[in-house]
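So the chains spell out like this:
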Amino acid sequence: MKFEKKLMVVGGLTLICGAVLSLQGCAVKPEEFITENPVYTSISDEIEVTGIVHGEKSVTYYAEVSAPIEMFDIEVGDTVDNGEKIVEFDTRDLENSLTNAELTAEYSQSSADGEVKASNKRAAIYNQANSDIEAYKYLYAFARAGSDKLDTDQYAENWDIAQVEKCIRASIADKTGEISKKQADINAEDHTKEEVQDIYKDIEKLQGDIAGLNKDLANLPTAKMSPDEYRKFVAESNWMEDITRNWTQAQTQANQFEGQILNSSQKDSLMKNVEVAQLSVDIAADNLATAMAGVTSDMKGIVTEVSTKKGAVVTKGSPLFTLESADDVKVDVEISKYDIGKIKEGQRASITVSGTSYDGRVTRINRFATGGTSDNAKVKVSVSVDDPGDGIFLGIQSDVTIYSDEKDNALTISREGLYSDDKGDFVYIISDGVIEKKYVVAGIVNDNNVEIIDGLTGSSVVIIDSVTDSEVGKKAISK
């Protein structure tokens, strides 16, 4: 009976326990989840890309003269030391050009000097001719005044003689008229003998007067120059003739040489021609000196391109070869539109080339995207290698990790534990044995970890298994 009672008791207990479990749900075993506690550690956002190794500095060398190449012994891939002479030119043509330029400059200078000297001589003759013209003007005026005086004096003298002659002839005419009247009077009237005798006496006296007047008329001087006056007149005339001839000759010389004198503009033009000729000498000399110096590298580098060869005739400005620096090395990578916003100059990077890792830093971000449409275009970013050594080969592919954001002592969880919805980022935690949905503020996110800025502590139990909102509120324990 005890056994049965015990069983009943047991059975009763069993029934009671079942009822309790049914009411409280204790019959469901808590679900186990993989969990973790947030930890303080360093975190970074990493962008992994591949790129090509180049020298930081790329220099293309161009021919600075036009000449044949006499020496050129490099190939793509060769290492060139700083200061190494790469190209030598054949300078014979340039030497001839310099000689020709020097001869042309010498001739130009000599020709200009000759023209200026001849112009100065013509200017002296022209100036003297003009001076003589002025002198002959005054001399001619002076001689003309003397000649005019002789003419005036002779004219006055001739006029006086003519007036005297006119008066004498008038008196003779008057007296001749009186004689005629008296003779007519004798024939017309009866006169006494005494009266007739008196008339004849009057006629005789008149005839005597006429004879005297004729004598005076005969004694008048001729209207001509005296010998002294004539000699002076001839001298004056000859002098004026000489002055006129010399004056005309001086005027002819002035007219002849006036157009043969160089003005200041013409002299400046001659001097500019001399300067141009001398400039040609300087250019030819510089070209020769440049060719004799050849082409020397100004850095240690690797030859990445060769554009000519020995024996070729290059023109000034033609490319010869290209060097990329060997000591300063970079990797050029392309960043997509999704990651370019995270990239900044100065960010730390890790470069792996042929299995060897190197430290580096972002040094340049190109501001123009290339590579197709705007959807797939990428931005070129240069990452410099801090200490490349001799183990890096230019042109080789390398793996690059750019640490776009880094923080030390950050509170972090595994990436698998972070979820997002319309309200923001959240995690599932176990709090008091029950699953809880907890919104958080996330910071740096990479492929492995997430920085939690707000919402968790180091003691939080974060579920990193797959969880859904339907499990919120259920019992849970950590595995």
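To start, this report covers the structure provided alongside it. Since the model is a prediction, treat every value here as computed from it, not as a measurement.

Before going further, it helps to examine the overall build of the protein. Scanning the protein from N- to C-terminus turns up 5 helices and 23 strands. When the 479 residues of the protein are sorted by exposure, 30% land in the buried category. Within the protein, residue pairs in contact and separated by at least 24 positions form 78% of the contacts whose partners lie at least 6 positions apart. Carbon and sulfur atoms make up 51% of the accessible area of the protein, which amounts to about 30,000 Å² in all.

So, about the sheet that holds strand β7 (residues 85-89). Strands sit in the order β8-β7-β5-β10 across an open sheet of 4 strands; the sheet is antiparallel. Edge positions in the sheet fall to β8 (295-296) and β10 (313-314), since each has one partner strand and no second. With 3 bridges connecting them, strand β5 (residues 67-72) and β7 associate as antiparallel partners. Bridge pairing links F72 to V87 in β7.

Moving on, we get to the pairing of strand β21 (residues 449-454). In summary, the side chains of a regular strand alternate between the two faces of the sheet. In this structure, strand β16 (residues 397-414) lies alongside β21, joined through 3 bridges in antiparallel fashion. Counted as the bridge partner of S414 is N449 from β21. Here strand β20 (residues 441-445) pairs with β21 via 3 bridges, running antiparallel. Opposite V441, over in β21, you have D454 as the bridge partner.

Another point: the packing of aromatic side chains. One pass over the structure, following the stated rule, counts 6 aromatic pairs. Arranged with centres 4.7 Å apart and planes meeting at 15 degrees, the rings of Y61 and F321 form a pair that is stacked. Separated by 260 residues along the polypeptide, Y61 in strand β4 (residues 58-62) and F321 in strand β11 (residues 319-325) bring together distant segments of the chain. Note on Y61: relative accessible area 9%, which makes it buried. On the basis of relative accessibility, which here comes to 0%, the residue F321 falls in the buried class. Consider the rings of F72 and F321, whose centres lie 6.2 Å apart with planes at 45 degrees: the pair is tilted. With F72 in strand β5 and F321 in strand β11, this pair connects stretches of sequence that are 249 residues apart. What makes F72 buried here is its relative accessible area of 6%. Within the aromatic cluster, the residues linked to one another by ring pairs are Y419, F426, Y428 and Y439. A cation over a ring is seen here: K437 above F426, with NZ or CZ 4.3 Å from the ring centre.

Calculation criteria
- Residues numbered from 1 in each chain as written.
- Predicted model: local features only at pLDDT ≥ 70, side-chain atom pairs only at ≥ 80, totals over all residues.
- Heavy atoms only, no water.
- Helix = DSSP H or I, 4+ residues; strand = E, 2+ residues; numbered from the N terminus.
- Buried < 20%, exposed > 50% of the residue type's maximum accessible area, 1.4 Å probe, protein only.
- Contact = heavy atoms within 4.5 Å.
- Areas by Shrake-Rupley, 256 points an atom, 1.4 Å probe, with all protein chains shown as cover.
- Pairing = 2+ DSSP bridges.
- Phe/Tyr/Trp six-rings, centres within 6.5 Å; stacked < 30°, edge-to-face > 60°.
- Lys NZ or Arg CZ within 6 Å of the ring centre and 35° of its normal.

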